[in-house]
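Commentary on secondary and tertiary structure
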Amino acid sequence: MGTKRKQAEVSGNGATSDTTGQEVSISIDRTPANIQPVLATFLAAVPPVASSFSTYRYIANSKNDDCIVVSETDKVEYVGQNFENGKPLINGCRYMIGVYDPEKDTVVFRQAPYVRVNTVIKSLKNSRGVAERTNPSQIPQARNDLGVEFGSKKQKAGIRAEERNRINMDNVRNDMSVIGASIEQRASTMPSEEEIAKENEKARPVPKYDPDAKTAAEIYDMEDVLSKSNAAFINASALAKATDPEEHRKYVPVRTEFVAKKIEQIIGQKKPDLALLRRVMYLAYLIRFVNIGSKVIQNRESCIRSLCCSPEIATVIFDKFADCVAGTANPDGSPVYKKTPASESRLMCHIFVLMLSLNNWILFPADVAADLGLPIRETNRYLESVGCKLEPISSSDAASKGRKAAAASKKAVLKAPVKFPKANLRGKK
């Protein structure tokens, strides 16, 4: 093609004329053809000038102008198409290619599809490495190989440790019979669900009880809480004769609101019930034991003197709610004792059972928590552990207690048959 460019003018009838005045005819060829010109863009390597391409019509979309062009060399394949995901590569414009015939002074234009050509290297087309890189199951192994080759000392040590801890499934399959026999042997010695339930019942930190009791008063065995033989060592007669509340301090080591009211109610009767009075005094001794510090409890004799009651009752309380610490001794050679979570749970459950028995098996958690200095949530857990149900307080109950219902929104009631929570309050000893 020469370097001189023709200058032409387009007339109104679709013909053109050059500077010499000769008209050139222009037309558009729209007839179907198997071979047509294609406008291509190469995304990677450009093929040699002498390369030949084959054009194919995409049969899946025969109604459209979708086509595929293909060419190859010894090392490279070129594959292109003018569509992607069922849609044309370009929208809103068309490309046309014109052919000029100098003998006839005609220019024929034909629509040219726009094709984007990708390059595929033949040596990598069926490479095994490509499949491995796309296999998700082999990604960890590939990452470990890179870590061993290029990782730091810490990364390499971690990879080696992971390799050592990896289980060989072939060896496991060979030992399946041995593992199964070992599991069956151990399973045969394990306790059944019924045995575990019985053990949990024995481990409950509550006094002896009757699960089939018909009334609340029959649920707990109060003889297990305070036997008649032990109650004989509590001097209730002297307390019943004391008319001044200040004299009560000689016989009762603590003055909680609950204990004080119960003593006043019993002593105020014409014939005081000494059995109930002994139960109230025993309750005061237990509350006193709760408030004794751990340093005092370590020494048995010191703690018994600190309970401010008869030595016989103090000994019963100490032996029941203090645990010996094995392998330890005090400076005087005596064993060291302490309140463990299990023994403290038993102590608190006995206190709440005593309070329930003295208050017609109903307690108000808010009042009890304030009286004993316990958090309300802990108080509720202890009440539930002895079988109480927390119920909303009625307006009549609130009025009888001289408080608003909002101040004490719940009450704890022990009902028969008794139902305990599934888990122990503080676990086993």
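Above this text you will find the structure in question.
Residues numbered from 1 in each chain as written. Predicted model: local features only at pLDDT ≥ 70, side-chain atom pairs only at ≥ 80, totals over all residues. Heavy atoms only, no water.

Here's the deal with the overall build of the chain
We apply this condition: The helix count covers DSSP runs of H or I at least four residues long, the strand count covers runs of E at least two residues long, and both are numbered beginning at the N terminus. We call a residue buried when its accessible area falls under 20% of the maximum for its residue type, exposed when it is over 50%, and partly exposed in between, using a 1.4 Å probe and counting protein chains only. Should any heavy atoms of two residues lie within 4.5 Å, those residues are counted as being in contact. Each accessible area is a Shrake-Rupley result for a 1.4 Å probe, and residues are judged covered by the shown protein chains and nothing else.
Within the chain, the regular secondary structure consists of 19 helices and 17 strands. Burial analysis of the chain (429 residues in total) assigns 31% to the buried set. Residue pairs in contact within the chain that sit at least 24 positions apart in sequence constitute 59% of those at least 6 positions apart. For the chain, the computed accessible surface area is about 28500 Å², with 52% contributed by carbon and sulfur atoms.

A few points about the environment of Tyr282
Among the structural elements, Tyr282 can be located in helix α12 (residues 274-291). Tyr282 has contacts with Val225, Leu226, Ile234, Ile313, Ile317, Phe321 and Leu354, leaving out every residue within four places of it along the chain.

Here we look at the sheet that holds strand β15 (residues 362-363)
Stated precisely, the cut-off is as follows: A pair of strands counts as paired when DSSP detects no fewer than two bridges linking them. Where helices are involved, their axes are fitted lines through C-alpha atoms of the stretch in contact, as for all axes, and angles between N-to-C directions lie from 0 to 180°.
Judged by pairing direction, the sheet is antiparallel, and its 3 strands sit side by side in the order β15-β17-β16 without closing on themselves. Edge positions in the sheet fall to β15 and β16 (388-392), since each has one partner strand and no second. Here β15 runs beside strand β17 (residues 410-414); their pairing, made up of 2 bridges, is antiparallel. The partner of Ile362 across the bridge, within β17, is Val413. Contacting β15, β16 and β17, helix α17 (residues 365-372) crosses the sheet at an angle of about 95° to β17.

Considerations on the packing of α12 against helix α16 (residues 341-358)
Worth spelling out the cut-off: Each angle is binned into one of four classes, with values under 35 degrees roughly parallel, values over 145 roughly antiparallel, values of 65 to 115 roughly perpendicular, and all other values oblique. Crossing handedness follows the turn of the near helix against the far one: under a right angle anticlockwise gives a left-handed crossing, and clockwise gives a right-handed one.
Packing of α12 against α16 leaves a shortest axis separation of 10 Å and a crossing angle of 150°. The angle between α12 and α16 falls in the class roughly antiparallel. Crossing of α12 over α16 shows left-handed handedness. Residues Leu276, Arg279, Val280, Tyr282, Leu283, Leu286, Ile287, Phe289 and Val290 of α12 form the contact with α16, whose participating residues are Leu347, Met348, His350, Ile351, Leu354, Met355, Ser357 and Leu358.

Remarks on a nonpolar patch on the surface
What counts, and what does not: Grouping into patches uses exposed residues only, defined as over 30% relative accessible area, and leaves out salt-bridged ones; the cut-off is 9 Å for like charges and 5 Å for nonpolar side chains (Val, Leu, Ile, Met, Phe, Trp, Tyr). By definition, a salt bridge exists where a carboxyl oxygen of Asp or Glu is found within 4 Å of a side-chain nitrogen of Lys or Arg.
Together, Leu39, Tyr95 and Ile97 make up an exposed nonpolar region whose accessible area comes to about 220 Å². Assignment of secondary structure puts Ile97 in strand β10 (residues 96-101). Overall, the relative accessible area of 31% leaves Ile97 in the partly exposed class.

Considering the side chain of Asn82
Short version of the rule: Side-chain atoms alone can form a polar contact between residues adjacent in sequence; in general such a contact is a pair of N or O atoms within 3.5 Å, and within protein one must be able to donate a hydrogen while the other accepts it.
You can see Asn82 is positioned in the loop between β7 (76-81) and β8 (83-84). Among the polar contacts made by the side chain of Asn82, one reaches the main-chain amide nitrogen of Cys67 at a distance of 2.9 Å. Setting aside its immediate chain neighbours within four residues, Asn82 contacts Asp65, Asp66, Cys67, Pro88, Leu89, Pro113, Tyr114 and Val115.

A closer look at the nonpolar core
Put simply, the rule is: For our purposes a nonpolar core is just a set of buried Ala, Val, Leu, Ile, Met, Phe, Trp, Tyr and Cys residues, chained together by side-chain atoms within 4.5 Å.
Counting 66 residues, the largest nonpolar core has Tyr220, Tyr282, Leu283, Phe289, Ile317 and Phe352 as its most contacted members. Apart from the residues within four sequence positions on either side, Tyr220 is in contact with Val206, Pro207, Lys208, Tyr209, Val353, Val386, Gly387, Leu414 and Phe420.

Focus: the packing of aromatic side chains
Quick note on the threshold: Centres within 6.5 Å are what make two rings of Phe, Tyr or Trp a pair, Trp counting through its six-membered ring; a difference in plane orientation under 30 degrees is then read as stacked, over 60 as edge-to-face, and the rest as tilted. Only lysine NZ and arginine CZ atoms are considered, and such an atom sits over a ring when it is within 6 Å of the ring centre and within 35 degrees of the ring normal.
Counted by the stated rule, this structure contains 7 aromatic pairs. Centroid distance Tyr209 to Phe420: 4.8 Å. Interplanar angle 65°. Geometry classified as edge-to-face. Pair noted here: Tyr209 is in the loop between α7 (193-202) and α8 (222-225) and Phe420 is in the segment after β17, with a separation of 211 residues, a long-range link. Among the residues examined, Phe420 registers a relative accessible area of 17% and is labelled buried. What links up through ring pairs into an aromatic cluster is the set Phe42, Phe53 and Tyr78. Lying over the aromatic face of Phe289, Lys339 brings its terminal NZ or CZ to 5.5 Å of the ring centre.

Quick word on the pattern of salt bridges
Enumeration according to the criterion identifies 5 salt bridges in this entry. For Asp323, the salt bridge goes to Arg346, with nearest N and O atoms at 3.8 Å. Here the residue Asp323 occupies a position in strand β13 (residues 323-329), and Arg346 occupies one in helix α16, the gap between them amounting to 23 residues. When its relative accessible area of 8% is taken as the criterion, Asp323 is described as buried. Accessibility expressed as a relative area gives 23% for Arg346, which makes it partly exposed.

Some remarks on the packing of helix α3 (residues 139-150) against helix α4 (residues 153-165)
Running from N to C, α3 and α4 cross one another at 135°; their axes reach a closest spacing of 9 Å. When the interaxial angle is binned, α3 and α4 end up oblique. In this structure, the crossing between α3 and α4 has a hand that is left-handed. Contacts between α3 and α4 involve Gln141, Asn144, Gly147 and Val148 from the first element and Lys156, Ile159, Glu162 and Glu163 from the second.

Here we look at the environment of Glu218
Relative to the elements of secondary structure, Glu218 occurs in the loop between α7 and α8. Spatially, the C-alpha atoms of Glu218 and Ala416 are 8.4 Å apart, while their sequence positions differ by 198 residues. Excluding residues that lie within four positions of it along the chain, Glu218 makes contacts with Asp210 and Ala213. One polar contact links the side chain of Glu218 to the main-chain amide nitrogen of Lys214, over a distance of 3.5 Å.

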